[in-house]
Amino acid sequence: MKNIQINTIEVFKRIILTLILVLAVSFTEVTAQNDPVKLGFIPLTDCSPIVMAKELGLFKKYGVEVVVTKESSWANVRDKILTGELDGAHCLYTMPFSVYTGVGGKAGSEMKIAMMLNVNGQAITLSNDFCGKVGFKQMNKIAPVVAAKLKAEKEVTFAMTFPGGTHDLWLRNWMAIAGVNQKTSKIITIPPPQMVANMKVGNMDGYCVGEPWGGVAVKQGIGFTQVASQDIWKDHPEKALVVNKEFSEKRRTDLVKVMKAVLEACIWLDNPANRKKAAAIIGKAPYVNAPADVIENRLMGNYDLGCNQGTEVYTKDYMLFYKSGLVNYPRKSYAIWAMAQYVRFGYLKEAPNYKAIADKLILQDLYEEVAKSLKVKVPNDDMKPFSLTMDKTVFDPSNPEAYLKAAKK
């Protein structure tokens, strides 16, 4: 009889403990669902979808509380997304692939792409040392000028914002197209908002970064725009909404709400009538902290090039955030292209498993679900061959090896 009583008590204790654990887990999950979503951004014009989703009350519209924070560098964004300090962020679309392959972080670390935020709107800025020697889109004059400077000063330095990031890839493609030997030039990493200050004190000869920092260099008279990124590749992919892996799995409902709000902000931003308002807001100190007129002009496609070159007006290929849904779809072909660049430029000695990595890191099905709910058209051009505007080498995402054999290094 005693044994029966003892066993009954033990069973009862286990049931109580199990109930406590279940309740604790449930409480944790409910608490997590009620926690504000933390989204970071870097002070760049293309942080606009996240900032304007907040400012326009779109996160509230979709029933999710979001805290938006300014971050100091892309490395900082990477670390905070990986640790969960940030649930997601405005991010270089190539960063998840750079990190996962070990180019820009610990290999195997997963960051997920939920959707794309924009295309175009970055630039190569050269210091005034090059003024009068090479002009806007004069690609054939770059290599001789760089060679002469290298001979006279022993060093030529260019800056980008993150190893394997978009600015790194636009810079290296620009150098390859121009015939500049990347092994003889120094390439350094500088956070976007620090580019202008570093050029001002002579720390680099040129840099690639997103707006408004190309336009600000012109306004301050310290450099000029040699080429815009859309001249290199019209409608190239640029920033993405990148999220923490656990957040994407455990708070899927909140992520969907965030994506809907951001997508609606992208639609709002692509209305030219709204861009003046957007420029005034994102130019404020809590966000980009840059002159609203510079932000607005380049948002509208009006580029004061500097160096007495006049103005270049982009009518269909300035910074775009929606373009009837063509912008926001996260394409696996663009992921494969980015990783092929890591092989091309010597970051990786061997080709990674392109398709498997793209499948793992891109939440394409989730985006399609969100787009469908908002009646946004999903493009059907993924995994089709394409080429850059300046570099006509065809890239077939199903055969990166053929591209790598043909592409300039």
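Below is a short write-up of the structure. Being a predicted model, the structure only gives us computed values, none of them experimental.

Some thoughts on the state of the cysteines
A complete count under the given rule lists one disulfide for this structure. Left without a disulfide partner, cysteine 47 is nearest to the cysteine sulfur of cysteine 266, which lies 12 Å away. Cysteine 91 takes part in no disulfide bond, and the closest cysteine sulfur, belonging to cysteine 47, lies 13 Å away.

Side note on the packing of helix H15 (residues 332-344) against helix H16 (residues 354-361)
Running from N to C, H15 and H16 cross one another at 130 degrees; their axes reach a closest spacing of 9 Å. In terms of axis orientation, H15 runs oblique to H16. For the element pair H15 and H16, the recorded crossing hand is right-handed. Where H15 abuts H16, its residues Lys332, Ala335, Ile336, Met339, Ala340 and Val343 lie against Tyr354, Ile357, Ala358 and Asp359. Residues of the contact of H15 with H16, tallied by class, amount to eight nonpolar, no polar and two charged.

A few points about the packing of aromatic side chains
In total, this model carries 13 aromatic pairs according to the counting rule given. Ring geometry for phenylalanine 158 and tryptophan 174: centres 5.6 Å apart, planes at 80 degrees, overall edge-to-face. Of this pair, phenylalanine 158 sits in strand E6 (residues 157-160) while tryptophan 174 sits in helix H7 (residues 166-178), placing them 16 residues apart in sequence. Across this residue pair, the class does not change: phenylalanine 158 and tryptophan 174 are buried. Geometrically, the ring pair formed by tryptophan 233 and tyrosine 334 is edge-to-face, given 5.5 Å between the ring centres and 90 degrees between the ring planes. Linking tryptophan 233 in the loop between helix H10 (229-232) and strand E10 (239-244) with tyrosine 334 in helix H15, this pair joins segments that are 101 residues apart in sequence. Side by side, tryptophan 233 and tyrosine 334 carry an identical accessibility label, which is buried. A connected cluster of aromatic rings, assembled from ring pairs, spans Trp170, Trp233, Tyr334, Trp337, Phe386, Phe395 and Tyr403.

A closer look at the sheet that holds strand E8 (residues 206-210)
Strand pairing in a sheet relies on backbone hydrogen bonds, with the paired strands running either antiparallel or parallel. Taken in spatial order, the five strands make up an open sheet running E7-E6-E8-E5-E9, and their pairing is mixed. Two strands bound the open sheet, and with one partner strand each, they are strand E7 (186-189) and strand E9 (223-228). Strand-to-strand, the axes of this sheet are offset by a mean angle of 25 degrees, without reference to chain direction. Here E6 runs beside E7; their pairing, made up of four bridges, is parallel. Bridging across to E7, threonine 157 finds its partner in lysine 186.

Focus: H15
Along its 13 residues, H15 runs 18 Å from first to last C-alpha, staying within 8% of the 18 Å computed at 1.5 Å per residue. When you tally the buried positions in H15, you get twelve out of 13 residues, the bulk of the element. Within H15 the residues assigned to the buried category are Lys332, Ser333, Tyr334, Ala335, Ile336, Trp337, Ala338, Met339, Ala340, Gln341, Tyr342 and Arg344. In the core, the buried residues of H15 are packed alongside helix H5 (95-100), H7, H16, helix H17 (364-373) and helix H18 (400-406). Just past H15, the residue glycine 346 takes up positive phi, approximately 85 degrees.

Looking at the nonpolar core
One broad trend across soluble globular proteins is that nonpolar side chains are buried collectively. Of all hydrophobic cores here, the largest spans 129 residues; its most connected members are Phe97, Trp174, Leu241 and Trp337. Tallying contributions element by element places helix H12 (residues 252-269) first for this core, with eleven residues. In this structure, leucine 241 is in contact with Leu39, Ile50, Ala89, Lys112, Ile113, Ala114, Met115, Leu117, Val258 and Met259, ignoring residues within four places of it in sequence. By size, the runner-up hydrophobic cluster in this structure holds nine residues, among which are Tyr303, Leu305, Leu320 and Val327.

Regarding helix H6 (residues 142-153)
Here H6 spans 16 Å end to end across twelve residues, near enough to the 16 Å set by a 1.5 Å rise per residue. Residues of H6 that are buried include every one of Ile142, Val145, Val146 and Lys149, and no others. Along the long axis of H6, the arc covered by the buried residues comes to 100 degrees, so they all point the same way. H6 presents Pro144 and Lys151 as exposed residues on the side facing more than 90 degrees away from its buried surface. Residues of H6 that are buried sit in contact with E6, H7 and E9. One or two steps after H6, the chain reaches lysine 154, where phi turns positive at roughly 70 degrees.

Basis of the calculations
Residues numbered from 1 in each chain as written. Predicted model: local features only at pLDDT ≥ 70, side-chain atom pairs only at ≥ 80, totals over all residues. Heavy atoms only, no water. Disulfide = S-S within 2.5 Å. Axes fitted to C-alpha atoms, helices over the stretch in contact; angles between N-to-C directions. Helix = DSSP H or I, 4+ residues; strand = E, 2+ residues; numbered from the N terminus. Parallel < 35°, antiparallel > 145°, perpendicular 65-115°, else oblique. Left-handed = near helix turned anticlockwise from the far one by under 90°. Contact = heavy atoms within 4.5 Å. Nonpolar A, V, L, I, M, F, W, Y, C, P; charged D, E, K, R; others polar. Phe/Tyr/Trp six-rings, centres within 6.5 Å; stacked < 30°, edge-to-face > 60°. Buried < 20%, exposed > 50% of the residue type's maximum accessible area, 1.4 Å probe, protein only. Pairing = 2+ DSSP bridges. Expected span 1.5 Å × (residues − 1). Core = buried A, V, L, I, M, F, W, Y, C linked by side-chain atoms within 4.5 Å. Arc of directions from axis to C-beta.

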